[in-house]
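# Descriptive structure summary
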Amino acid sequence: MDFFQNLDPAVQFFIFSAVKIGVVFGVTMSFVAYSVLVERKVSAWIQDRVGPNRTSPPIAQFIPILGPFLTRLGIFQPMADGLKFLLKEDFTPNYVRLAYFWLAPAIAVIPAFLTLAVIPFGSTLGNPDNKMVIADLDVGILYTFGIVSLGVYGIVLAGYAANSKYPFLGGIRSTAQMISYEIAMGMSVVSVFLLVGDLNLSKVIEYQAHGGWLVFKQPLAFFIFLVAAFAETNRLPFDLPESESELVGGYHTEYSSMKFALFFLGEYANMIASSAMMVTLFFGGWTLPFLGEPASGLLGGLLHIGIFVAKMAAFMILFIWVRWMFPRFRYDQLMDLGWRRFIPLALANILVTALVVAFVNR
Amino acid sequence: MPELTDILFYAFAGLTLLCGFLCVANPFSRNPVTSAMFLVLTIISMAGLYVLLHAFFLAAIQVLVYAGAVMVLFLFVIMLLDIREEERRKLNGAAVGVGAIAVGTLAGILTRALWHAEPLAKVATSEGATRPLGKILFTQYLLPFEVLSILLLVAMVGVILLSRKELK
């Protein structure tokens, strides 16, 4: 470690950030792969099936007991899925708008990963300066919303690039849907920040460590945020842009192979990002009611990261569970819910919170 | 060796100008969607310039409102109305005249503002943090702020009135 300590602080910062980025990216990617597996298993159990239970590399058969057990759990399935996506033919229909056809999958993936940069996924690791957040921005939440709002371009451009009617309809739908629910989402968060008094996400966690989780103080804001998160990630019951029963595959109808996989990856990365946001904003981030102080040692730091990841995984399971439990909304119901129910509710919530902060909490 | 911020400034400034030019006069494509996407890039690279000025709040709002909402609606309208490739029209004399006057006036105002601007040292103190910005908006600049909100409200009411299906 002496070698590391002797380096220039700027170089230290650079190396440390690079390591954090690498680890967060790697963990998110494997989280994505295994949430697909969880999705398949949970859907199977809900529908009284067994789900993926066959895929296994040849060596797995030679491990007694454990090998067949893991195979039955489907642990090896994500590797096969990934390999399949990479090896399948990447077919490009000859009537597509080529530049956008190539750009759209990339644009769909990038924003989801960018939002993870401001999420404090742990307190400190080792020494108190090693904050477990890639970028501790003062306008953290605004940054997140800015980046999330860019995510829609991937879907819209995919719909436009395909140059055929179903993807196009999917793209148009997603534009209207994302914009509508972004407003409700943004407004629900305003009341949270009225209480906290800071836009920095680390400060939000600090507040919750001492004043209790915000979900108990702002249940309405949390509910609106949760529903809007479903709409923003295009998950059932709000998967209108995709809705395979009416639009074939929606915006990704014409995509195959790895380009399709990128949309898939983007969707799950978005789910992870919004789960992380909900944990940070409403469920105390890496804190537990009796574990609120930043960790002093390595072990405590790892424990905090573990708590954060566990809470995030719980939200992922909620996302998956809801998908197999609820039917899809009709388009007019979706718009009605967004504009005529959630936005007035969120506004009223802001007003009430502002009054309480102004007269009671001073 | 030049500072990193200088390099970034020139990169973002160049990108802003290039994308702005490609948005209005793209020699390769007259596709309205392409123009809209270059406008998005222009907006994002301007946000980068704001970050270099330490105006983080402004940068975030710029991306959130313009790139994330306004331009998405632009795209929505372009796609919904199915605007085809713009043909190369002949130059309209009146339009060129009005455009030249507008650009000239704006350039004049900006030059004057820059000319009378106070030295940079003072700008750096405010740091573009959200709290001081809010304080200034609601004390020193309260009147212009409220007038602007009324202007937006008027525009909103006007849009609703115009888009009603049956006008009595």
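Above: the structure in question.
Residues numbered from 1 in each chain as written. Chains lettered and ligands numbered in written order. Predicted model: local features only at pLDDT ≥ 70, side-chain atom pairs only at ≥ 80, totals over all residues. Heavy atoms only, no water.

### Focus on the side chain of S202(A)
Position of S202(A) relative to the elements: it lies in helix 9 (residues 201–211). What S202(A) contacts, discounting residues up to four positions off in sequence, is P120(A) and D136(A). (Helix = DSSP H or I, 4+ residues; strand = E, 2+ residues; numbered from the N terminus. Contact = heavy atoms within 4.5 Å.)

### Structural notes on the interface of chain B and chain A
Between chain B and chain A, the residue contacts involve 24 residues of the former and 23 residues of the latter. Of the roughly 2,000 Å² buried between chain B and chain A on both sides combined, carbon and sulfur atoms contribute 77%. Summed over the three residues of chain B that lose the most area to chain A, namely L64(B), V72(B) and M79(B), the buried surface amounts to 29% of that side. Applying the counting rule to chain B against chain A returns zero salt bridges. For the interface between chain B and chain A, the tally reads three residue pairs in polar contact (both at pLDDT 80 or more). Elements with a contribution of two residues or more to the side of chain B that touches chain A: helix 2 (32–52), helix 3 (56–80) and helix 6 (130–138) of chain B. Of the residues assigned to the side of chain B that touches chain A, the class counts are 19 nonpolar, four polar and one charged. (Buried area = accessible area lost by both parts, 1.4 Å probe. Salt bridge = Lys/Arg side-chain N within 4 Å of Asp/Glu carboxyl O. Polar contact = N/O pair within 3.5 Å; in protein donor to acceptor, adjacent residues only side chain to side chain. Nonpolar A, V, L, I, M, F, W, Y, C, P; charged D, E, K, R; others polar.)

### Describing the pattern of salt bridges
Pairing of side chains with opposite charge becomes possible as their charged atoms draw close. All names here are of chain A. Here the structure, examined in full by the defined rule, presents eight salt bridges over all chains. A salt bridge links R341 to D336; the shortest N-O distance between them is 3.1 Å. Look at R341 and you get partly exposed, because its relative accessible area is 46%. Taken together, the shared-partner salt bridges connect E39, R235, E267 and R323 into one network. (Buried < 20%, exposed > 50% of the residue type's maximum accessible area, 1.4 Å probe, protein only.)

### Looking at the environment of S275(A)
Along the polypeptide, S275(A) turns up in helix 13 (residues 257–282). A C-alpha to C-alpha distance of 7.9 Å links S275(A) and A313(A), two positions 38 residues apart in sequence.

### Some remarks on the packing of helix 7 (residues 152–162) of chain A against helix 3 of chain B
In the contact formed by helix 7 of chain A and helix 3 of chain B, the axes pass within 11 Å of each other and the chain directions differ by 15°. Taken together, the axes of helix 7 of chain A and helix 3 of chain B lie roughly parallel to each other. Both helix 7 of chain A and helix 3 of chain B take part in a crossing whose hand is left-handed. Of the residues in helix 3 of chain B, those in contact with V152(A), Y153(A), V156(A) and Y160(A) of helix 7 of chain A are A67(B), M71(B), V72(B), L75(B) and M79(B). The residue inventory of the contact of helix 7 of chain A with helix 3 of chain B, partitioned by class, reads nine nonpolar, no polar and no charged. (Axes fitted to C-alpha atoms, helices over the stretch in contact; angles between N-to-C directions. Parallel < 35°, antiparallel > 145°, perpendicular 65-115°, else oblique. Left-handed = near helix turned anticlockwise from the far one by under 90°.)

### Details of the nonpolar core
All names here are of chain A. Formed by 111 residues in total, the largest nonpolar core has its most connected members in F225, L281 and F282. Looking at this core element by element, the count peaks at 13 residues for helix 13. For F225, the residues in contact, after removing those within four places along its chain, are F145, M185, S188, V189, M277, M278, L281 and F282. (Core = buried A, V, L, I, M, F, W, Y, C linked by side-chain atoms within 4.5 Å.)

### Brief notes about helix 13 of chain A
For helix 13 of chain A, built from 26 residues, the straight-helix expectation of 38 Å at 1.5 Å per residue is met to within 8% by its first-to-last C-alpha distance of 38 Å. Within helix 13 of chain A, 21 of the 26 residues are buried, which leaves the element mostly enclosed by the surrounding structure. (Expected span 1.5 Å × (residues − 1).)

### Brief notes about a nonpolar patch on the surface
All names here are of chain A. Together, V11, F14, I15, V19, V23 and V27 line one region of the surface with nonpolar side chains, adding up to about 500 Å² of accessible area. Secondary-structure assignment places V11 in helix 2 (residues 9–46). Accessibility expressed as a relative area gives 35% for V11, which makes it partly exposed. (Patch = residues over 30% accessible without salt bridge, like charges linked within 9 Å, V, L, I, M, F, W, Y side chains within 5 Å. Areas by Shrake-Rupley, 256 points an atom, 1.4 Å probe, with all protein chains shown as cover.)

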